Amino acid sequence: MLINEDLSVPVIVHASRLDWIPSPAAGVDRRMLYRVGAEVARATSIVRYAPGSAFPRHVHAGGEEILVLEGVFQDEHGDYPAGTYFRNPPGTSHVPASIKGCTIFVRLWQFREGDDVQIVKRVGDAVQGAARSGGISSQLLFDDGHERVFIEEWRRNTQIRVENPSGLEFLVISGSMIRDGEILSCECWGRLPAGADMDVTTGADGVRIWLKQGPLLHPDVLRMPE
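Below or above, wherever it landed, is the structure these notes cover. (Residues numbered from 1 in each chain as written. Predicted model: local features only at pLDDT ≥ 70, side-chain atom pairs only at ≥ 80, totals over all residues. Heavy atoms only, no water.)

Concerning the packing of aromatic side chains
- Enumeration over the complete set of coordinates arrives at five aromatic pairs.
- Here the aromatic rings of Tyr80 and Phe86 are separated by 4.8 Å at their centres, their planes lie at 40°, and the arrangement is tilted.
- For Phe86, a relative accessible area of 2% translates into the label buried.
- On the basis of an interplanar angle of 70° and a centroid distance of 5.0 Å, the ring pair of Phe105 and Trp210 is categorised as edge-to-face. Linking Phe105 in strand S13 (residues 102–108) with Trp210 in strand S22 (residues 198–213), this pair joins segments that are 105 residues apart in sequence. Here the two residues Phe105 and Trp210 agree in accessibility, since each one is buried.
- A connected cluster of aromatic rings, assembled from ring pairs, spans Tyr49, Phe73, Tyr80 and Phe86.
- One residue, Arg148, lies across the ring of Phe150, its end atom 4.5 Å from the ring centre.
- Over the ring of Tyr34 we find Arg191; its NZ or CZ atom is 5.1 Å from the centre of that ring. (Phe/Tyr/Trp six-rings, centres within 6.5 Å; stacked < 30°, edge-to-face > 60°. Buried < 20%, exposed > 50% of the residue type's maximum accessible area, 1.4 Å probe, protein only. Helix = DSSP H or I, 4+ residues; strand = E, 2+ residues; numbered from the N terminus. Lys NZ or Arg CZ within 6 Å of the ring centre and 35° of its normal.)

Next up, the structure:
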């Protein structure tokens, strides 16, 4: 399966307009944003857990990165309310579930060789950084010198520029913004190749946005099984 596999072109996906696709686990559905592969895939998705649903235990052979968008995501290690960010490096495993239901943003098989740092950051745990021009706040979630992951809040009705020297991926968590005349609202996902700066104007409610700066695919990304 190939979905938005060409990393050399800008991609904008209004995820809220996509159909939910059932996963192999009952009650767990996906909206696929980027995918290269079949059930084992290099993939970026929004995943919805119905109340009481669970996914069988599995090992993250290629690493797993998650941002909880709504509800409470759970596994045998704890509860992760909306706003929690974590990275499960290659070799880790768990049984993901949700008693009351949740929605999460997930990236699979996009870890590079040697990235073995496991992180769990709940709301309030992130490092507070300096807000960019037009911004309200910036929270650093992860920075290993190869990629930088953060959540920012931007003021309403404001022009914002995010420079993009190496590659940029984003997800609108709340609010809205306009880019090239297109309104990007909640759960809109985008990916811009290096050199394509992001210039937007925020909407009347401002924007809360997840951002990742770094190569769209690391040169030493983990190889998928053939």
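Description of the environment of Cys102
- When you line up the elements, Cys102 lands in strand S13.
- Separated by 32 residues in sequence, Cys102 and Glu70 place their C-alpha atoms 5.2 Å apart.
- Among all residues touching Cys102, those that are not within four sequence positions of it are Val47, Arg48, Tyr49, Glu70, Gly71, Val72 and Phe73. (Contact = heavy atoms within 4.5 Å.)

Here we look at the pairing of strand S9 (residues 78–81)
- Taking every second residue as pointing to the same face, the buried face of S9 carries Gly78 and Tyr80, while none of Asp79 and Pro81 on the other face is buried.
- Two strands pair when backbone bridges link them, and strand S8 (residues 64–75) and S9 are joined in this way by four bridges, in the antiparallel orientation. Note that in S9 the partner of Val72 across the bridge is Pro81.
- Between S8 and S9, which pair antiparallel and follow one another directly, the connecting turn spans two residues. (Pairing = 2+ DSSP bridges.)

Here's the deal with the environment of Asp197
- Relative to the assigned elements, Asp197 resides in the loop between strand S21 (188–192) and S22.
- Given the relative accessible area of 28%, Asp197 is considered partly exposed.
- Residues Asp197 and Gly167, 30 residues apart in the sequence, show an inter-C-alpha distance of 9.0 Å.
- Contact partners of Asp197, with chain neighbours within four places excluded, come to Arg161, Val162, Glu163, Asn164 and Leu192.

Description of the pairing of strand S19 (residues 168–179)
- Strand direction decides the pairing type here: S19 and S21, joined by four bridges, are antiparallel. Opposite Glu169, over in S21, you have Arg191 as the bridge partner.
- Of the pairings in the sheet, the one linking S19 to S22 comprises nine bridges and is antiparallel in character. Across the sheet, residue Ser174 finds its bridge partner in S22, namely Arg208.
- For S19 and strand S20 (residues 182–184), the ladder comprises three bridges, and the chain directions are antiparallel. Within S20, the residue paired with Met177 across the bridge is Leu184.
- Remark: two residues form the turn of the hairpin made by S19 and S20, two consecutive strands paired antiparallel; Asp180 in that turn has positive phi of roughly 50°.

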